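Report on the structure
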Amino acid sequence: MWFTVADGVLSDVYSPTIDNTNVETLQFIVTDGKSFTDLQSRDMAYTVSADRTGMACQVRSQARNYRLTTDFITDPARDSVLIKARLDGPRDLKLYVRYDASINGNGGGGPQNGGADSATVDQALISSDTNTVTNAPNRDYGVPLHGALKADRPFKMANSGYVGTESDGLVQLDKNRKLTPNTATANGNVVQTAQIDGQEATLALGFGQTARQAVNTAWASLNTPFHKTQERYIQGWRDYERKLKPTNDWLSVNVLKASEDKTFPGAVVASLGSPWGQAVSAGDMPGGKPVYFGSYREIFARDLYESFSGFYAAGDMQTARATVTWLFKKQQQPDGRFPRNSMVNGKKAPDSGGDQLDETAYPILMALQAGFDRDKDLYTNHIRKAADFVVAHGPSFGSERWEEQGGYSPSTIAAEIAGLTAASVIAARNGDQQRANVYQATADHFQRSIKSWTVNDGTFIRLSKTGDPNAPIEYNLGNGSVTVDQRSVVDAGFLELTRLGILPPNDPEVTRSLQKVDQVIKKETPKGPGWYRYGTSTPGSEDGYGDCYEPDPTTCSPTGKPWPTGNVGSGHLWPVLAGERAEHYLELGNRRTAKQLLDAMHTQASGVGLIPEQIWENPAVPESPFGTDPTTASIGFKPGESVGSASPLTWAQAQAVRLTQGIAAGRPVEQPAEVRARYVDHGPPGTLSITLNAPAQVNAPTVTVTGTAPAGTRIDITATATDAGGTTTAVTTRSNGTFTAELPAKLGTNVITAAATQGNKTGYAQKNVGSDFVEGTVLLNHTDPDNDDNGPGTYAYPLSADFHPGAFDIQQFQVIDTGDRFVLRAKLRNLSPTFGSPLGAQLLNIYARDPAIAKTSTAAPYPSRNYQVDPWNRMIEVQGFADPVFVDADGVPLGDATVQASETSRFITVSVPKSALGNPTEFTVVLTGQEGDSPDRARRFAANPEQYVFGVCVPGGTSRVCAVAPTSVPKAFDVITPAGVDQAAELDPTRGTVVIKAVMVQTLTGPA
């Protein structure tokens, strides 16, 4: 059970898991019954305070000639929130409570009424939602839920209604100053209002899987005097504190602990708040199912590392170890990687997608620091897989820490170096010297190369797209911001290189870079300095992730608009970056400045000390009038104060915890000693010269590699089959000046990494080897013409350079029977990363028909795809930013589908159980573009191409297709066609309903 307070009222209440919000607001109304009605969040000014733990909250609200005091705690023994309310003022004032529920994470309302709730009055105000199905198919822990609000004395009267309608108690009190009783309201955006008997009451909001259970929970909580429960509640937090290191900032420590789910220990969410939650509809029906809005109440491995570092610094090793166990046992994927984010059960959320190598590297470092270095099972089955993935895909794969760009990033590569050094230590301690040598040699190579990859003109840049920081390459900053030259973008992410012990703090490039950082992305506020995530010397050219500020060169409007409306805005200052800078001052021995920056972080905090994700740095912007459309309304902004994004940000609170401990110790306490010892304390290790030769392509199950290295050098070589589940094989040999080794070569891309080791010296070389050798039977090997990636012959790619020529051009489609699984492979003309993922641009649908299965469909996943297909009874949909969909003709999930996408081989490889796919004889394949915020997941069309929108035709096109409405054309850029079928004719919407034809399987043997 978790509660939050925002705008002076009870806001999100989470139960039974931390990602399940059940309350939009619970607040009070004061009226004299004659001349006025005051709503707490609309009409009263307030102050907020907390006890020393920061976990018991009191709000004092004032208006006219009265004061309302509300205290909030949870019942340590039950699933309930307790509220003690006292109204001080004239005795004729009446006190009402307004309970606006959003039970089970969504709340109905709007034209779609998704996740609608029902409300009844039965000894309590009861709001209910028994639906457990949402657009998050992996959320398998949902339960029917009821929330019952009960007072310590019966309500004088009660009303159930629909928000904003004549049945809404607030509307009635505003209009008539009195409430019309109504006991039940069903299936909508419900709200309940009740009159308190008197001017003081204790209320309990209890939850249960039945209405009776919820009422009984609330009743049981009320049976104990509030002050007794409050004492137990606070004592519980103090008992926790006694186990930890002394600090003067218990609030930050406790916020960290409060951010952990209780059903899934170790699952610490990125924030207990929902950034811009007021602007996100809770009544949508994506894919025909109620919306799941996990927001920041999900687990991102990088953010969990930051939380881990806070627990580690505070001395809470029990929770620190729980985070490591959760990551490896719950979230890690079969090939070793970690997803961008997941739900609290470790399974991917609807917005999971893309890769970020630091998120795979940090868990390895966590394992070492948490004392799992001699856990043989964890090493063999988990840590080794993660390290193998980083070796095979580093240094540049997926997005960097801001999740918007791919390339060679100082912060990401720093995590890789630290993670691989930790992996080397763990491997050696578990008797695996082969991999220990490969991991360390790879880390050493990255450390030697980091400046050549990311330093331009003597200073670090945010990232280089290709590993050449001097290249004049442009990219768009995203979120409505500008397009800039990579050499102009400044970011302080290089400080991870010193914090993690990879470079000394007085490194000359680091020193020069900090001067540039302060010139370009530092800004002063009345509450202390702050830094943008990144930016250029052009004013306002920071990133666009934040509340809109129109004077910036951004596409957003109006000023104050929340970011989610259009996903465009203006970036602002991040207090956590002041903490990162403070840790660098610690490394230089400057505790005083470090302390000043920590003080600034606390000054910039909101409420009782919650450190936000972002603060405002521009002139003040007033709050929009109450009732303004929340998708565009300003919440009001003042320089140096929190904006509409997350508050608290768990990462920022963890930064404060470790910085507090670091100032006391005189050094960053989370800095890994093993990394610092290798690269700073004893200087970087020596270099061995090594070369590696391997054929680019083989048609055999093995590949022979050769190379050169100093005589007597130990050579350890790994081969990772990146298209075949990440299986890695290691061999060892010795060099007599040259060396030879034989390694497996599985279908697709195999990354061969050779490490030379001699004492403390290392050398590194890597090659990619493609293999066409098939272990199994090829059922279908269909080639498709090049340059037909234009749908009916007229389609055009979006104008942005993010969309590479050939990205939607199928060249080959294969179906391979490997025994217990089918492997489906689609080769594209170009699979260069888009938005940080090799599968970031594409949306691939594969429809299969098994004639033995009677039920079929001819429909696309969404009607707005505007096409039909030959009958199918199995469908697979894959993209880079969501889990694969594998369903039957009724939409029922059929089991696991794994996906790999290789820039090198240009194959998208899907593997599914044969038992789930059946014995299909026909396949239909459709390729288009993915778009995360499109209702049907497919990229939209316009008459002519736009920056991020497909064009039906190029400007001036004369085809009849050009006259078709963009919302009516088939979302199919390329398809595979059977003999005699012309794609342009098949996809021409002017000929009637578009039906995409299937191709038949034909059994082949041998290499494809």
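Refer to the structure presented above.
Description of the structure in this document. Here the structure is a predicted model, which is why all the values come from computation and not from measurement. (Residues numbered from 1 in each chain as written. Predicted model: local features only at pLDDT ≥ 70, side-chain atom pairs only at ≥ 80, totals over all residues. Heavy atoms only, no water.)

As for the pattern of salt bridges
This structure, assessed with the given rule, holds 59 salt bridges. Among the salt bridges present, the one from Glu403 reaches Arg340, with a minimum N-O distance of 3.1 Å. Placement of the pair is Glu403 in the loop between α9 (376-393) and α10 (410-429) and Arg340 in the loop between α7 (317-331) and α8 (357-369), with a sequence separation of 63 residues. Of the residues examined, Arg340 reaches a relative accessible area of 17% and is grouped as buried. Where Glu509 meets Lys451, a salt bridge forms, and the shortest distance between an N and an O atom there is 2.6 Å. In this pair, Glu509 sits in helix α13 (residues 508-520) while Lys451 sits in helix α11 (residues 433-454), placing the two residues 58 residues apart along the sequence. On the accessibility criterion, Glu509 (17% relative accessible area) is buried. The partly exposed category is assigned to Lys451, whose relative accessible area is 24%. When salt bridges that share partners are traced, they join Glu306, Glu496, Arg499, Glu583, Arg658 and Glu670 into one network. (Salt bridge = Lys/Arg side-chain N within 4 Å of Asp/Glu carboxyl O. Helix = DSSP H or I, 4+ residues; strand = E, 2+ residues; numbered from the N terminus. Buried < 20%, exposed > 50% of the residue type's maximum accessible area, 1.4 Å probe, protein only.)

Some remarks on the state of the cysteines
The term disulfide refers to a covalent linkage connecting the sulfur atoms of a pair of cysteines. In the structure shown here, the tally under the stated rule is two disulfides. Shown here is the disulfide that connects Cys548 with Cys556, its sulfur atoms set 2.1 Å apart. Because the sign of the S-S torsion sets the handedness, a value of about 85° for the bond joining Cys548 and Cys556 places this disulfide among the right-handed ones. Judged by its relative accessible area of 0%, Cys548 falls in the buried class. A residue is classified by how much of its surface remains accessible, and Cys556, at 5% relative accessible area, is buried. Paired through a disulfide, Cys953 and Cys962 show a sulfur-sulfur distance of 2.0 Å. Judged by the sign of its S-S torsion, about -100°, the cystine formed by Cys953 and Cys962 is left-handed. What makes Cys953 buried here is its relative accessible area of 3%. (Disulfide = S-S within 2.5 Å.)

So, the environment of Asn456
Mapping Asn456 onto the fold places it in strand β17 (residues 455-456). Overall, Asn456 belongs to the buried group, its relative accessible area being 14%. In this structure the C-alpha to C-alpha distance between Asn456 and Asp485, which are 29 residues apart in sequence, comes to 12 Å. Those residues within four positions of Asn456 in sequence are excluded, and the remaining contacts are Ile461, Pro469, Asn470 and Arg487. Here the side chain of Asn456 touches Asn470 through a polar contact of 2.9 Å, side chain to side chain. (Contact = heavy atoms within 4.5 Å. Polar contact = N/O pair within 3.5 Å; in protein donor to acceptor, adjacent residues only side chain to side chain.)

Examining the packing of helix α5 (residues 250-258) against helix α16 (residues 650-665)
Where α5 contacts α16, the axes come no closer than 9 Å and their chain directions differ by 135°. With respect to α16, the axis of α5 lies oblique. Like other packed secondary-structure pairs, α5 and α16 cross with a definite hand, here left-handed. Judged by residue contacts, Leu251, Ser252, Val253, Val255 and Leu256 of α5 engage Thr650, Gln653, Ala654, Ala656 and Val657 from α16. Tallied by class, the residues present in the contact of α5 with α16 amount to seven nonpolar, three polar and no charged. (Axes fitted to C-alpha atoms, helices over the stretch in contact; angles between N-to-C directions. Parallel < 35°, antiparallel > 145°, perpendicular 65-115°, else oblique. Left-handed = near helix turned anticlockwise from the far one by under 90°. Nonpolar A, V, L, I, M, F, W, Y, C, P; charged D, E, K, R; others polar.)

Let's talk about the sheet that holds strand β28 (residues 697-698)
The strand order across the open sheet built from five strands is β28-β34-β33-β30-β31, with neighbouring strands paired in mixed fashion. A single partner strand is all that each edge strand has here, and the edge strands are β28 and β31 (727-734). (Pairing = 2+ DSSP bridges.)

Here we look at the packing of aromatic side chains
Any aromatic ring pair is given by two values, namely how distant the centres are and how the planes are angled relative to each other. Enumeration according to the criterion identifies 33 aromatic pairs in this entry. An angle of 75° between the planes, with centres 4.8 Å apart, marks the rings of Tyr545 and Trp563 as edge-to-face. Note that Tyr545 is positioned in the loop between β24 (534-535) and α14 (575-587) and Trp563 in the loop between β24 and α14, a separation of 18 residues in sequence. A residue is classified by how much of its surface remains accessible, and Tyr545, at 12% relative accessible area, is buried. (Phe/Tyr/Trp six-rings, centres within 6.5 Å; stacked < 30°, edge-to-face > 60°.)

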